[in-house]
Amino acid sequence: MAKAALLPPPVSGLLWHAAAAACLKLLLIPSYRSTDFEVHRHWLALTHSLPISRWYSDETSPWTLDYPPFFAFFELLLSHAARAADPVIVHLHRGLGYGSGSVVLFQRATVVAADSCLVYAAHRLTRRWEPGKGRLIWVLVIWSPMLLIVDHVHFQYNGFLLGILLLSISYLSEGKDLAGGCLFAILLCFKHLFAVAAPVYFVYLLRRCFRGTFARGFGRLSALGVAVIATFAAAYGPFIYHGQMQQVIRRMFPFGRGLCHAYWAPNFWVFYIVMDKVLSFVLRRLGFDIQMPTASFTGGLVGNSSPFAVLPQITPLTTFIMVLLALSPCLIKAWRNPQPKDAARWIAYSYTSGFLFGWHVHEKASLHFVIPLALTAVQSPGDAKHYFWLSIVSCYSLFPLLFEAQEYPIKVLLLLLHCVAMFLSFSALFDGSARAKATASESRKGDGSGREEKLGSDQGRRVYHWLDHKVLFVRYFTCRVMGSVLASLHSWQ
């Protein structure tokens with residue numbers, strides 16, 4: 001019986017979760033679609049209709065291609081199926097703004113199908129875990145309300161990309177550094193915004209390569225270097241051949257966009273901007289001649305950006321330095337003791353640092369640390385509380401993405417169900433573990449009075465957990481009020 005308890009959760013259970021989640025995603029097909037829907041449709045037409053030498057220079061639509069080459073090749077692959085479904089989808093000019101039922105069904109279905117990468121990653125990560133922890137990871141990852149909101153209502157392919165990231169983490173956690181590093185390189189060639197974790201990967205893999213003799217370490221490092229260079233050569237080689245690399249880099253890093261995204265991510269720069277507005281208001285009231293900026297702090301298109309009236313101007317270099325400073329504790333730990341079991345935690349920390357201090361951070365970037373952090377949430381009650389609070393606030397910060405009235409019940413219901421599922425699952429996991437340990441200890445001691453004392457302690461612990469989670473809900477509603485205040489300040493000029 002003891003051995004059976006250590007068996008991993010059955011794959012059939014994971015497939016059930018994946019199938020049920022897919023049915024829910026299909027029900028969301030008629031829901032609101034953001035401009036990202038037209039962005040990806042245009043990329044289908046662009047990659048299908050134009051030669052590769054014109055992909056990153058075409059300006060037929062304002063939604064120009066600004067993802068790395070592997071994602072462009074992914075769109076090219078999908079475009080062949082899109083042409084069979086409806087030829088207008090991939091027509092460069094007739095397809096502009098095309099929103100028929102066929103294109104909606106096709107593009108929504110591709111996101112659901114691409115999530116199979118995330119499902120496989122969840123399987124690979126949990127195949128050696130305890131059944132309870134494995135099933136909880138499935139719930140937190142596959143049923144993530146943030147992914148449902150961003151990918152299957154708003155429209156993007158984050159589940160597919162995060163599946164590659166989780167696959168990389170799964171290999172790192174098993175000590176398979178070459179595979180983990182290669183998968184991360186592939187991920188960067190799909191979406192460069194994941195590069196925030198590159199310093200952690202570099203330090204961790206460098207130390208892991210030289211954990212034995214210098215000769216063996218140099219061999220490991222050489223193999224990893226060749227694999228990474230080959231990956232980037234496969235992605236960018238065609239564009240180097242056509243002399244398009246400068247244009248590719250310009251499209252991928254449009255620093256002319258504002259410091260903050262159009263929907264503000266709840267990070268450090270929000271408070272910095274609010275402070276600048278408050279100071280400018282106070283100083284103008286005191287009689288100082290303060291010029292109010294005419295350009296916007298936010299924007300999705302390239303233009304004038306980040307004007308401040310009082311505080312020092314913030315440049316992309318400033319944010320880069322601050323992200324590196326925030327990463328330094330993690331880099332030091334990864335250098336001193338590069339343990340595979342800590343890889344997920346360090347990667348989640350790196351994306352948190354990028355979210356807090358990065359340039360033009362999308363509110364959707366919270367997915368980059370919330371999903372990997374789910375892997376650590378099952379390790380201890382402290383990690384579970386951290387994830388519980390962070391996932392609620394991060395999910396709530398995505399609510400402005402769905403601003404139409406008919407989507408309001410969807411986003412609220414998804415968040416409430418997520419809260420209930422986390423509360424019940426974490427309580428069952430850690431209270432069950434505590435009772436099992438108590439029972440084992442009592443059976444060894446054979447002390448009946450100790451059993452009663454331990455049961456009382458368990459009841460007290462459950463009450464404490466209940467009260468502690470209530471405090472977390474209070475924090476959540478505090479953040480909600482705070483977000484409303486910041487939104488009001490944002491609208492005030």
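Residues numbered from 1 in each chain as written. Predicted model: local features only at pLDDT ≥ 70, side-chain atom pairs only at ≥ 80, totals over all residues. Heavy atoms only, no water.

### Re the overall build of the protein chain
Looking only at helices and strands, one finds 20 helices and zero strands in the protein chain. Every one of the 493 residues in the protein chain was classed for burial, and the buried ones make up 49%. Split by element, the accessible area of the protein chain, about 23,200 Å² in all, is 67% carbon and sulfur. (Helix = DSSP H or I, 4+ residues; strand = E, 2+ residues; numbered from the N terminus. Buried < 20%, exposed > 50% of the residue type's maximum accessible area, 1.4 Å probe, protein only. Areas by Shrake-Rupley, 256 points an atom, 1.4 Å probe, with all protein chains shown as cover.)

### What to know about helix α10 (residues 177–190)
The terminal C-alpha atoms of α10, which comprises 14 residues, lie 20 Å apart, in line with the 20 Å expected from a rise of 1.5 Å per residue. α10 sits mainly inside the fold: eleven of its 14 residues count as buried. Of the positions making up α10, those classed as buried are Asp177, Gly180, Gly181, Cys182, Leu183, Phe184, Ala185, Leu187, Leu188, Cys189 and Phe190. Where the residues of α10 are buried, they touch α4 (69–85), α9 (158–173), α11 (198–209), α12 (214–241) and α16 (343–357). (Expected span 1.5 Å × (residues − 1). Contact = heavy atoms within 4.5 Å.)

### Some words on the environment of Met422
For Met422, the location among the structural elements is in helix α19 (residues 408–445). Distance in space between the C-alpha atoms of Met422 and Tyr387 is 9.4 Å, their sequence separation being 35 residues. The residues touching Met422, leaving out its near neighbours within four places in the chain, are Leu140, Tyr387, Phe388, Ser391, Ile392 and Ser427.

### Some details on the nonpolar core
Counting 126 residues, the largest nonpolar core has Leu165, Leu166, Ile169, Tyr201, Tyr387 and Phe426 as its most contacted members. Broken down by element, this core gets its largest block of residues, ten residues, from α9. Beyond its immediate stretch of four places on either side in the chain, Tyr387 contacts Leu140, Val370, Leu373, Ala374, Ala377, His418, Met422 and Phe426. Ala18, Ala21, Val119 and Ile142 belong to the second largest nonpolar core, which has seven residues in total. (Core = buried A, V, L, I, M, F, W, Y, C linked by side-chain atoms within 4.5 Å.)

### A word on the environment of Leu279
Within the secondary structure, Leu279 is located in helix α14 (residues 268–285). Residues Leu279 and Ala309 lie 30 residues apart in sequence; the distance between their C-alpha atoms is 8.5 Å.

### Some details on the packing of α11 against α12
For the pair α11 and α12, the least separation of the axes is 8 Å and the interaxial angle reads 140°. Here α12 runs oblique to α11, going by the angle between their axes. Where α11 abuts α12, its residues Leu205, Leu206, Arg208 and Cys209 lie against Arg216, Gly217, Arg220, Leu221 and Leu224. Looking at side-chain class alone, the contact of α11 with α12 contains five nonpolar, one polar and three charged residues. (Axes fitted to C-alpha atoms, helices over the stretch in contact; angles between N-to-C directions. Parallel < 35°, antiparallel > 145°, perpendicular 65-115°, else oblique. Nonpolar A, V, L, I, M, F, W, Y, C, P; charged D, E, K, R; others polar.)

### Overview of the pattern of salt bridges
Side chains carrying opposite charge are able to pair once their charged atoms draw close together. For the structure shown, the criterion picks out eleven salt bridges. Notably, a salt bridge pairs Glu38 with Arg41, separated by 3.0 Å at the nearest N-O pair. Of the two residues, Glu38 and Arg41 are both situated in helix α3 (residues 35–49); the distance of three residues between them amounts to about one turn of the helix. A relative accessible area of 14% means that Glu38 is categorised as buried. Of the residues examined, Arg41 reaches a relative accessible area of 0% and is grouped as buried. Across the salt bridge formed by Lys341 and Asp342, the nearest N and O atoms sit 3.5 Å from each other. Note on Lys341: relative accessible area 66%, which makes it exposed. Accessibility expressed as a relative area gives 17% for Asp342, which makes it buried. A network of salt bridges, in which partner residues are shared, links Arg124, Arg127, Arg128, Glu174 and Lys176. (Salt bridge = Lys/Arg side-chain N within 4 Å of Asp/Glu carboxyl O.)

### Some thoughts on the confidence of the model for the protein chain
Residues of the protein chain with pLDDT of at least 70 account for 82%, and the chain-wide mean is 85. For residues 1–5, every residue scores under 50 in pLDDT, and the model assigns this stretch one contact once sequence neighbours within four places are set aside. (pLDDT = per-residue confidence, 0-100.)

### Observations regarding the environment of Ala122
Looking at the element boundaries, Ala122 is found in helix α6 (residues 116–126). What makes Ala122 buried here is its relative accessible area of 1%. Between the alpha carbons of Ala122 and Leu14 there is a distance of 8.4 Å; along the sequence they are 108 residues apart.

### Quick word on a nonpolar patch on the surface
A cluster of nonpolar residues, Val278, Phe281, Val282, Leu286 and Phe288, forms a patch on the protein surface that exposes about 460 Å² of accessible area. The topology assignment puts Phe288 in the loop between α14 and α15 (316–336). (Patch = residues over 30% accessible without salt bridge, like charges linked within 9 Å, V, L, I, M, F, W, Y side chains within 5 Å.)

### Focus: the side chain of Lys364
Mapped onto the elements of the fold, Lys364 is located in the loop between α16 and α17 (367–377). Residue classification places Lys364 among the buried positions, given a relative accessible area of 6%.

### Here's the deal with the side chain of Ser168
Tracing the backbone through its elements, the reader meets Ser168 in helix α9. Judged by relative accessible area, which is 0%, Ser168 ranks as buried. A distance of 2.7 Å separates a polar side-chain atom of Ser168 from the backbone oxygen of Gly180. Sequence-distant contacts of Ser168, that is, excluding residues within four places in its chain, are made with Gly180, Leu183, Phe184 and Tyr201. (Polar contact = N/O pair within 3.5 Å; in protein donor to acceptor, adjacent residues only side chain to side chain.)

### Section: α4
Under the 1.5 Å per step criterion, the end-to-end length of α4 is 24 Å for 17 residues, consistent within 8% with the ideal 24 Å. The sharpest bend along α4 comes to roughly 25°, located at Ser79. Along α4, the residues that are buried comprise Pro69, Phe70, Phe71, Ala72, Phe74, Glu75, Leu78, Ser79 and Ala82. Of the surrounding secondary structure, the elements contacted by the buried residues of α4 are α3, α5 (101–114), α9, α10 and α12. (Bend = angle between axes of the 7 residues up to and from the residue.)

### Quick look at the packing of aromatic side chains
Enumeration over the complete set of coordinates arrives at 31 aromatic pairs. Taking 6.3 Å as the distance between ring centres and 25° as the angle between the ring planes, the aromatic pair formed by Phe73 and Phe239 counts as stacked. Here Phe73, found in helix α4, pairs with Phe239, found in helix α12; they are 166 residues apart in sequence, far enough to count as distant. Centre to centre, the rings of Tyr387 and Phe426 are 6.5 Å apart; their planes meet at 80°, and the pair counts as edge-to-face. With a gap of 39 residues between them, Tyr387 in helix α18 (residues 381–397) and Phe426 in helix α19 connect regions that are remote in the sequence. Summarising the burial analysis for this pair, Tyr387 and Phe426 share the class buried. When the ring centre of Tyr171 is taken as reference, the NZ or CZ atom of Arg124 above it lies at 3.7 Å. (Phe/Tyr/Trp six-rings, centres within 6.5 Å; stacked < 30°, edge-to-face > 60°. Lys NZ or Arg CZ within 6 Å of the ring centre and 35° of its normal.)

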